[in-house]
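Structural overview for review
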Amino acid sequence: MTLNRRKFLTTGALAGAATACGAAPTTGAAPATGSSSASVLPPAPRLKLALATYSYWQFRGERASVETVIDKAAELGVEGVDVLHRQMESDERDYILRLKRNAFLNGVALVGLSIHQGFVNPDPEVRQKNIDHTIRCIEMAYDMGIPCIRLNSGRWGTTESFDELMANRGIEPPIEGHTEDDAFGWCEDSIEKCLPKAEECGVVLALENHWGLTSTASGLLRLAEPFKDHPYFGVLMDTGNFLEEPYDQLEMIAPSTVFVQAKTYYGGGRWYTLELDYNRIAGILAGVGYNGYVSIEFEGNDDPGTAVPESIVMLREAF
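In what follows, the accompanying structure is described.

Describing the nonpolar core
With 84 residues, the main nonpolar core has M88, L113 and L205 as its most contacted residues. With nine residues, helix α6 (residues 180–201) is the single largest residue contributor to this core. Not counting the four nearest positions on each side in its chain, M88 is found in contact with R63, V66, V83, Y95, I96, L113, M140 and M144. Membership of the second largest hydrophobic core comes to six residues, among which are A50, V111, C148 and L236.

Okay, structure coming up:
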């Protein structure tokens, strides 16, 4: 039987809590209050913030170390860190475990690993290399105690630079002789080959609306549809990656969302600036019962030393 993802996660959490807390059997004695029907309701959950290491680098200037961002998160009272794989100094296990220890000693959870891979390529060998890379990243996430990795569909690569892609609002033509239907098939097959390792390691694959096939909600959901009931697959909502009618599209993907990256643009965005209404976005997520992490991805031109704290204040108020 295939479990619904949200039900699977909720059921597992409740079962674990009951075991850890030594919950009394239902046939046992009445509570000490004397009321046989008394129950204690947990407080309403508060969404936790995470800090994307990308916020302190953005692929420009000197690369901020992951350790530095972990320290920043602890200093700023942010509960989690969302690690950009390309910002890591190494894939060696001793470095990975050092990051895990540093986070633990700072009281910060490592909650996401944002990787770069793409399955939009007609060459099976290229797709297999990206599958192998994804599987390796799943294993790294497991070693780091990270429960979720960011997954891309990939893109055609017919646009020479990312700056040009952004100028074209994320749209690029297919490789000659191929269609988007081909690309969706390649991606579906590749994701299917990654899921056994994700399930083995207990790491959720979160497909992001990250240009290419997933630059629209309809494209993202088309690719997610075959895996919608898999407990280790979900959608990553990037609040800044829908350039047209963002709220309608965010609402479309919200029911499948397992992780959120929240863009902020203090000082103006590097490629564009969206005036996002986070009260409205918080309402969309609350409407589907989202209780996961909201990771701050600062992508503006201000100094992150001032922009990230501003982002934290704004998002705490909104959520």
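Text resumes after the structure shown.
As for α6
Compared with an ideal rise of 1.5 Å per residue, which puts 22 residues at 32 Å, α6 spans 31 Å between its outermost C-alpha atoms and is within 8% of the ideal. Roughly 30° is the biggest bend found in α6, and it falls at C194, with proline P196 one to four residues downstream. Among all positions in α6, only A183, F184, W186, C187, S190, I191, C194, L195, K197, A198 and C201 are buried. Residues of α6 that are buried sit in contact with α4 (124–144), β4 (148–151), β5 (204–208), α7 (217–224) and β6 (233–238).

Concerning the packing of α4 against α6
Running from N to C, α4 and α6 point in directions that differ by 25°, and their axes come no closer than 10 Å. Our classification of the angle between α4 and α6 gives roughly parallel. For the pair α4 and α6, the crossing hand works out as right-handed. Across the interface between the two elements, R127, I131, T134, I135, I138, E139 and Y142 from α4 touch W186, S190, K193, C194, K197, A198 and C201 from α6.

Brief notes about the pattern of salt bridges
Opposite charge on two side chains lets them pair, provided their charged atoms get close. Evaluation of the coordinates by the stated rule reveals 11 salt bridges. Between D189 and K193 there is a salt bridge; the shortest N-O distance is 3.2 Å. Taken together, the residues span about one helical turn, with D189 and K193 both in helix α6 at a distance of four residues. We classify D189 as partly exposed; its relative accessible area is 31%. Among the ionic pairs, E225 bridges to K228, the shortest N-O distance being 3.1 Å. By relative accessible area, E225 is classed as partly exposed at 44%. Within this structure, E139, K197 and E200 form a network of salt bridges that share partners.

Considerations on the packing of aromatic side chains
Across all of its chains, the model carries seven aromatic pairs by this definition. Between W57 and F59, the ring centres sit 4.7 Å apart and the planes meet at 45°, which makes this aromatic pair tilted. We classify W57 as buried; its relative accessible area is 14%. Ring centres 6.5 Å apart and planes at 85° place the aromatic pair W211 and Y272 in the edge-to-face group. Here W211 is found in the loop between β5 and α7, whereas its partner Y272 is found in the loop between β7 (257–264) and α9 (278–287), with 61 residues between them in sequence. The residues W211 and Y272 share a single accessibility class, namely buried. Of note, R63 hangs over the ring of W57, and the distance from its end group to the ring centre comes to 6.0 Å. Seen from the ring of F184, R222 lies directly overhead, with NZ or CZ sitting 3.9 Å from the centre.

Some points on the environment of A254
For A254, the position within the fold is in the loop between α8 (246–253) and β7. Judged by its relative accessible area of 0%, A254 is buried. Considered as a pair, A254 and M237 are 17 residues apart in the sequence and their alpha carbons are 7.4 Å apart.

Cut-offs applied
Residues numbered from 1 in each chain as written. Predicted model: local features only at pLDDT ≥ 70, side-chain atom pairs only at ≥ 80, totals over all residues. Heavy atoms only, no water. Core = buried A, V, L, I, M, F, W, Y, C linked by side-chain atoms within 4.5 Å. Buried < 20%, exposed > 50% of the residue type's maximum accessible area, 1.4 Å probe, protein only. Helix = DSSP H or I, 4+ residues; strand = E, 2+ residues; numbered from the N terminus. Contact = heavy atoms within 4.5 Å. Expected span 1.5 Å × (residues − 1). Bend = angle between axes of the 7 residues up to and from the residue. Axes fitted to C-alpha atoms, helices over the stretch in contact; angles between N-to-C directions. Parallel < 35°, antiparallel > 145°, perpendicular 65-115°, else oblique. Left-handed = near helix turned anticlockwise from the far one by under 90°. Salt bridge = Lys/Arg side-chain N within 4 Å of Asp/Glu carboxyl O. Phe/Tyr/Trp six-rings, centres within 6.5 Å; stacked < 30°, edge-to-face > 60°. Lys NZ or Arg CZ within 6 Å of the ring centre and 35° of its normal.

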